[in-house]
Amino acid sequence: MGSPPFFFKWASRLLPWFSPISFSILIIGLIWGVGFAPSDYKQGDVYRIIFVHVPSAILGQSIYLMMAIFGSICLIWRAKLAGMFLRSAAPLGASFTLIALISGAVWGKPTWGTWWVWDARLTSTLILFFLYVGIIGLYSSIDNKQKGDRAASLISVVGVIIVPIIKKSVDWWQTLHQPSTFSITSSPSMTSDMYFPLLICVIGFYFIFVSLLCNRLRVEILTRERNTTWVKEYLNNKV
Amino acid sequence: MNNTSTLFSWFRLILKRDLALSFKKIATFLIPLVFFLIVISLFPLALGTENSFLSSLSPGVIWVAALLASLLAVESIFNEDFRDGTLDHFLLSGEPIFILVFAKVFAHWLVTGVPLLLASLISTFFLFLPEGVVLPLLISLLIGTLLLSLLGALGSALTIGKTAILSAVIVLPLSIPILILGVAIITSAINNQDYLSYLYFLGAMLAVGIPGLCLATVEAISINYD
Amino acid sequence: MLEFIRDLFLMDGQGKYVWFVLLIFFIVICFNYYLPYRAIRKIKEENSQHTGE
Amino acid sequence: MTNLLKIENLTCQRSNNLIFSNLSFEVEKGNNVEIIGSNGSGKTSLLRCILGLVEKKEGKISWKNQPVEESRHSFLKSCLYQGHELALKPSFSVLENLTYSHLSFGLKEDKILFTLKEVGLNDFIKRTASDLSTGQLKRLALARWLMCDQELYLIDEPFSSLDEEGVRLVLRIIKELNSRGCSFLFTSHRSTEADSTKIHLDHYS
């Protein structure tokens, strides 16, 4: 499982199935959420942004956690694939966090009247985005791939230890200021016909993430193992 | 016994060397200091000179200035020694790298952090801080600058041979808790509230950070070297 | 039917926010999908050039 | 003759580029080995690979018949490495450059002054290193060799950018250290007069 050629063949065989499935789950979830779920009694229809916002925020955080796990694997066992995972996952994590930030801002405008509030959650998501950018900047500045992997692993492991502290301190900082007039955390308890499409969206987002990740991993493997015989064979057979 | 004494003399050698080196160039410890004071005096110029307004902003101003000033000198921790080959010699001396890292962080703190403490005394007049705040300000800066030096060393080790701005991008998000806690301590002190709990938390971060971040820095150096 | 579609697009004037977010989302996803495919195509092109020479 | 350092079938690779492969040689006590190769043939990489600064791909490096990974501490303790960069601080004076070296552990100042005399820098003790010429800087680095007798000296290009007198000085110091039982492993881009086993690295790439 840990060997790049094996993973590559496995991913290449599964992706043509997996990508359409994940796309259709996502589309079903979004159509259900945007088109058919009942509108919120307080916010009206604008709450439908939740079907993009919440899953991408969840993904943004859990990708970081995954990166830390694979980062420690890369540091301890020097597993090549773990390093490649890190490299492929970081831009995706940054993209999902960015989507969460943008959708949050667009949601904030009609409900709170502003694009941005220095709320604890928003702030820590913003910091998470900065952490992703730092990791991407770090590995792309190091020419040697293995070194870059390990440096990025190290910073993501250190980051995941610090992230709870950041969250905690941002909470404190929030209570220190006057309490926010708006509250995102206490959303109205959801009815099941809102909850199910959201659940499907979350699952669809995870699936999409996995298929995007496998695509990136395939590229990563091909470029790195360019000089090996199996890559040459693969390329010559395919072209 | 003999072993610990060689470790200590190794520590002392690096520390003395780094301090001697920065005393050769007055700029290395004067520039962060002057930078700190300039940044602090920029705020009244930009935001107006009303006393109460300035003193309510002052905790944030002091901490942002301290953060930037301490980052300014971060590049010199490992990069200079890397460029002229001294880092090779230290790594090949057979002495533990942990001690090297610790000594270098300590030297960086003595050269940038301690002068900042003195400069922050001056800044209390600039920003009209009440007298009772001076002590919490100094203690929080003392711990905070040490943590910043530790984080800076990690960033510097990860970006050996790269531009300094990259290490700033990596280190700054990680240093947000220090900023928030430092500001919280001063603000609570100004409002006569209990600031000790924040201070304890900052102290706990230091207690975990010294071994943790030093180990991470050692790992970062070994990554950049093999 | 037409009524339903119009409601779906306008959402009482809030549709622009929802559709904008969906648009951004799909742009980002498609971008992330497109990049690896372009990279693989590039690798294959380079390879065929090498073997062609 | 006891052999100090033994290299067997060493292969070194840097990000998909093979630098050299299947290199084997031995360094014996009191003897020298000279690595000759053109620019980019991997001379520096070889030295750094032996010291563990560059990862080796295959092969075995043993120090006193023990794999170097196991005896790393004692190996590093008995080595002196001098790379392309001389590890001298331009803002330090000549004397400070030596006292703040890791080799100066427990050394008396007389010993340092004596070594400076031997390389002909005794008139420049207080001079800052930035005021010295390249050749003088090389001599300052030479003084470091003499400060304490290491068992193995790994020197990158000891003869480059030196005048004739300087080259003679280096040769004399190598001979002197050889007579004290020290060995040298050094690189150069063409064969030198030093009494050594010569290995042409170009044959291994």
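Residues numbered from 1 in each chain as written. Chains lettered and ligands numbered in written order. Predicted model: local features only at pLDDT ≥ 70, side-chain atom pairs only at ≥ 80, totals over all residues. Heavy atoms only, no water.

Let us now look at the nonpolar core. Within the largest apolar cluster, 195 residues are counted, with the highest numbers of intra-cluster contacts made by Phe96 of chain A together with Leu5, Phe25, Ile50, Phe75 and Leu185 of chain D. With residues up to four places along the chain from it excluded, the contact list for Phe96 of chain A reads Ser56, Leu59, Gly60, Ile63, Phe205, Ile208 and Phe209 of chain A together with Phe25 and Ile29 of chain C. One finds Leu95, Ile112, Ile173 and Ala194 of chain D within the second-largest nonpolar core, a separate group that totals 36 residues. (Core = buried A, V, L, I, M, F, W, Y, C linked by side-chain atoms within 4.5 Å. Buried < 20%, exposed > 50% of the residue type's maximum accessible area, 1.4 Å probe, protein only. Contact = heavy atoms within 4.5 Å.)

Next up on the list: the sheet that holds strand β4 (residues 58–63) of chain D. Residue and element names in this part refer to chain D. Read across the sheet, 4 strands follow the order β2-β1-β4-β5 without closing on themselves; strand pairing throughout is antiparallel. Here the strands that pair on one side only, and so sit at the sheet edges, are β2 (17–28) and β5 (66–67). Relative to β5, β4 is paired through 2 bridges, and the arrangement is antiparallel. The partner of Trp63 across the bridge, within β5, is Gln66. (Pairing = 2+ DSSP bridges. Helix = DSSP H or I, 4+ residues; strand = E, 2+ residues; numbered from the N terminus.)

Glancing now at the packing of aromatic side chains. Residues and elements named next belong to chain B. Scanning the model with the defined rule gives 26 aromatic pairs over all chains in all. Judged by centre distance (6.3 Å) and plane angle (25°), the rings of Phe8 and Phe11 are stacked. One end of the pair, Phe8, and the other, Phe11, are both in helix α1 (residues 2–24), 3 residues apart, so they sit about a helical turn from each other. Classification of Phe11 by relative accessible area gives buried; the value is 13%. Here the aromatic cluster, defined as three or more aromatic residues joined through ring pairs, consists of Phe8, Phe11, Phe102, Phe106 and Trp109. (Phe/Tyr/Trp six-rings, centres within 6.5 Å; stacked < 30°, edge-to-face > 60°.)

Attention now moves to the interface of chain C and chain A. At the interface, 28 residues of chain C touch 40 residues of chain A. For the pairing of chain C and chain A, the buried interface totals around 3,000 Å² over both sides, and the portion due to carbon and sulfur atoms is 78%. Among the residues chain C hides against chain A, the three largest losses belong to Phe25, Tyr33 and Ile43 of chain C. Together they make up 21% of the total. The tally of links between chain C and chain A comes to 0 salt bridges. Our enumeration of links across chain C and chain A arrives at 2 residue pairs in polar contact (both at pLDDT 80 or more). (Buried area = accessible area lost by both parts, 1.4 Å probe. Salt bridge = Lys/Arg side-chain N within 4 Å of Asp/Glu carboxyl O. Polar contact = N/O pair within 3.5 Å; in protein donor to acceptor, adjacent residues only side chain to side chain.)

Here the focus is the pairing of strand β3 (residues 32–36) of chain D. Residues and elements named next belong to chain D. The buried count for β3 comes to 5 of 5 residues, which makes it a mostly enclosed element. Bridge analysis of β3 against strand β8 (residues 183–188) gives 5 bridges, and the strand direction is parallel. The residue of β8 that forms the bridge with Glu34 is Phe186.

Quite often, the size of an interface is put as the accessible area lost when its parts meet. Taken together, the contact pairs 25 residues of chain A with 26 residues of chain B. When the two sides are added together, the surface that chain A and chain B hide from each other amounts to roughly 2,300 Å², 81% of it contributed by carbon and sulfur. Taken together, chain A and chain B are joined by 1 salt bridge. Linking Glu219 of chain B and Arg150 of chain A is a salt bridge whose minimum nitrogen-to-oxygen distance equals 3.2 Å. Here chain A and chain B share 2 residue pairs in polar contact (both at pLDDT 80 or more) between them. Elements supplying a minimum of two residues to the side of chain A that touches chain B: α4 (120–141) and α5 (145–176) of chain A.

Moving on, we come to empty space enclosed by the protein. Inspection of every chain in the model, using the stated rule, returns 4 cavities of 30 Å³ or more. In this structure, the largest cavity spans a volume of roughly 120 Å³. For the largest cavity, the lining is made up of 14 residues, of which Thr86 of chain B together with Ala87, Asn97, Tyr100 and Ser101 of chain D are closest to its centre. Among the elements that take part in the lining of the largest cavity, helix α5 (residues 86–91) of chain B stands out by supplying 3 residues, more than any other. (1 Å grid on protein atoms, 1.4 Å probe; cavity = no way out; pocket = protein on both sides within 12 Å on 5 of 7 lines; lining within 4 Å. Points joined across faces, edges and corners; volume = space filled by probe spheres on them.)

Turning our attention to the confidence of the model for chain A. Overall, the prediction assigns chain A a mean pLDDT of 85, with 92% of residues at 70 or greater. Across chain A, the secondary-structure element scoring lowest on mean pLDDT is helix α7 (residues 229–238) of chain A, at 78, and the one scoring highest is helix α2 (residues 50–77) of chain A, at 92. (pLDDT = per-residue confidence, 0-100.)

Residue and element names in this part refer to chain D. Sheet architecture is open: 5 strands sit in the order β6-β7-β8-β3-β9, paired in parallel fashion. Here the strands that pair on one side only, and so sit at the sheet edges, are β6 (79–82) and β9 (197–200). In this sheet, adjacent strand axes meet at a mean angle of 15° when their direction is disregarded. Judged from the 4 bridges that link them, β6 and strand β7 (residues 152–155) form a sheet pairing that is parallel. Paired with Gln82 across the strands is Ile155, a residue of β7. Where helix α5 (residues 134–147) meets the sheet, its contacts fall on β6, β7 and β8, and the angle it forms with β6 comes to roughly 175°. The sheet contacts of helix α6 (residues 164–179) involve β3, β7 and β8, and relative to β8 the element is tilted by about 150°. (Axes fitted to C-alpha atoms, helices over the stretch in contact; angles between N-to-C directions.)

Attention now moves to α2 of chain A. Between its terminal C-alpha atoms α2 of chain A stretches 40 Å, which fits the 40 Å expected from 28 residues at 1.5 Å a residue. Once α2 of chain A finishes, Arg78 of chain A follows within two positions and takes phi at roughly 55°, a positive value. (Expected span 1.5 Å × (residues − 1).)

Moving on, we come to unusual backbone geometry. The phi torsion at Arg78 of chain A lies on the positive side, around 55°, for a residue other than glycine. Tracing the backbone through its elements, the reader meets Arg78 of chain A in the loop between α2 and α3 (80–112). Of note in the backbone geometry, Asn65 of chain D takes a positive phi value of approximately 65° without being a glycine. As for its placement among the helices and strands, Asn65 of chain D is situated in the loop between β4 and β5. For Asn65 of chain D, a relative accessible area of 61% corresponds to the exposed category.

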